[in-house]
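Architecture and fold: a report
Single-letter residue listing:
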Amino acid sequence: MSNLKTLQTGHVGLNVTDPDRSAAFYRAVFGFEVVAEGNEANRRFVFLGRDGRLLVTLWQQSEGEFPVDRPGLHHLSFQVETIDEVKAAEQVLRGLDARFGYEGVVPHGEHGTSGGIFFTDPDGIRLEIYAPSGADPADAPTAGAPTCGFF
């Protein structure tokens, strides 16, 4: 048994190919602010957060596109309060020509009420924005399995 009294997710660090491009994307979609950045050659990074809390760090340490067929991060999910917020984010993403895993807001599973949108960032990292309720008018795109597991 662990002796950890409290535990919550801190920040998530992502390898990206272009910190400026990725920071602009994450700022537009999630309303993040730049908390800190480093511009030394071969050591570029951007720290992003909201309300004084560090949430995502971007590190320029990669080339190509995120490989979804290898062990590691499956997707990064962000919860909002309402489906209307999810739909507003979807419009921002459409303006950025983001790639979507499914068309529009979809529930997390058959007969589910929670759900959201599934998309990729400029480096192909899979992301999700969801709300705990309000997605039930749509049909789940994946029968017999969680929507967020197979996009």
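A short tour of the structure in this document, coming up. (Residues numbered from 1 in each chain as written. Predicted model: local features only at pLDDT ≥ 70, side-chain atom pairs only at ≥ 80, totals over all residues. Heavy atoms only, no water.)

This brings us to the environment of Thr17. Structurally, Thr17 can be placed in the loop between strand S1 (12–16) and helix H1 (19–30). It is 9.9 Å that separates the C-alpha atoms of Thr17 and Phe66, two residues lying 49 residues apart in sequence. There is a polar contact of 2.9 Å between the side chain of Thr17 and the side chain of Arg21. Here Asp123 takes part through its side chain, which lies 2.6 Å from a polar atom of the side chain of Thr17. (Helix = DSSP H or I, 4+ residues; strand = E, 2+ residues; numbered from the N terminus. Polar contact = N/O pair within 3.5 Å; in protein donor to acceptor, adjacent residues only side chain to side chain.)

Next up on the list: the sheet that holds strand S4 (residues 53–60). Taking strand neighbours across the sheet as the criterion, the four strands line up as S1-S4-S3-S2 in an open arrangement whose pairing is mixed. Pairing within the sheet leaves two strands with one partner each, and these edge strands are S1 and strand S2 (33–40). Adjacent strand axes in the sheet meet at a mean angle of 15° when their direction is disregarded. Of the strand pairs in this sheet, S1 and S4 are connected by five bridges, and their pairing is parallel. Bridge pairing in S4 places Asn15 opposite Trp59. H1 rests against S1, S2, strand S3 (43–50) and S4 of the sheet, and its axis sits at about 5° to S3. (Pairing = 2+ DSSP bridges. Axes fitted to C-alpha atoms, helices over the stretch in contact; angles between N-to-C directions. Contact = heavy atoms within 4.5 Å.)

On to the packing of aromatic side chains, then. Applying the stated criterion to the full structure yields 12 aromatic pairs. Taking the centre distance of 5.0 Å and the plane angle of 45° together, the rings of Phe45 and Phe47 count as tilted. Where Phe100 meets Phe119, the ring centres are 6.4 Å apart and the plane angle is 55°; that geometry is what we call tilted. Residue Phe100 is located in the loop between helix H2 (83–95) and strand S6 (106–107), and its partner Phe119 is located in strand S7 (residues 115–120); the two are separated by 19 residues in the primary sequence. Accessibility expressed as a relative area gives 21% for Phe100, which makes it partly exposed. (Phe/Tyr/Trp six-rings, centres within 6.5 Å; stacked < 30°, edge-to-face > 60°. Buried < 20%, exposed > 50% of the residue type's maximum accessible area, 1.4 Å probe, protein only.)

Looking now at the sheet that holds strand S8 (residues 126–131). Sheet strands pair via backbone hydrogen bonds, and the direction of the pair is either parallel or antiparallel. Taking strand neighbours across the sheet as the criterion, the four strands line up as S5-S8-S7-S6 in an open arrangement whose pairing is mixed. Taken across any chain shown, the strands that pair with only one partner, and hence form the sheet edges, are strand S5 (76–79) and S6. Contacts from H2 reach S7 and S8, with the element oriented near 20° to S7.

This brings us to the side chain of Glu90. One can find Glu90 in helix H2. Excluding residues that lie within four positions of it along the chain, Glu90 makes contacts with Phe100, Gly104, Val105 and Ile117.

Attention now goes to the pattern of salt bridges. One pass over the full model with this rule turns up five salt bridges. One salt bridge connects Arg99 with Glu65, and the closest N-O pair in it is separated by 3.4 Å. Taken together, the residues Arg99 in the loop between H2 and S6 and Glu65 in the loop between S4 and S5 connect sequence positions 34 residues apart. Looking at Glu65, the relative accessible area reads 49%, which means it is partly exposed. The partner of Glu90 in a salt bridge is Arg94, and the shortest N-O contact between them spans 2.9 Å. Of this pair, Glu90 and Arg94 both sit in helix H2, four residues apart, roughly one helical turn. The exposure class assigned to Arg94 is partly exposed, which follows from its relative accessible area of 30%. (Salt bridge = Lys/Arg side-chain N within 4 Å of Asp/Glu carboxyl O.)

All we've got here are geometric facts, nothing functional implied.
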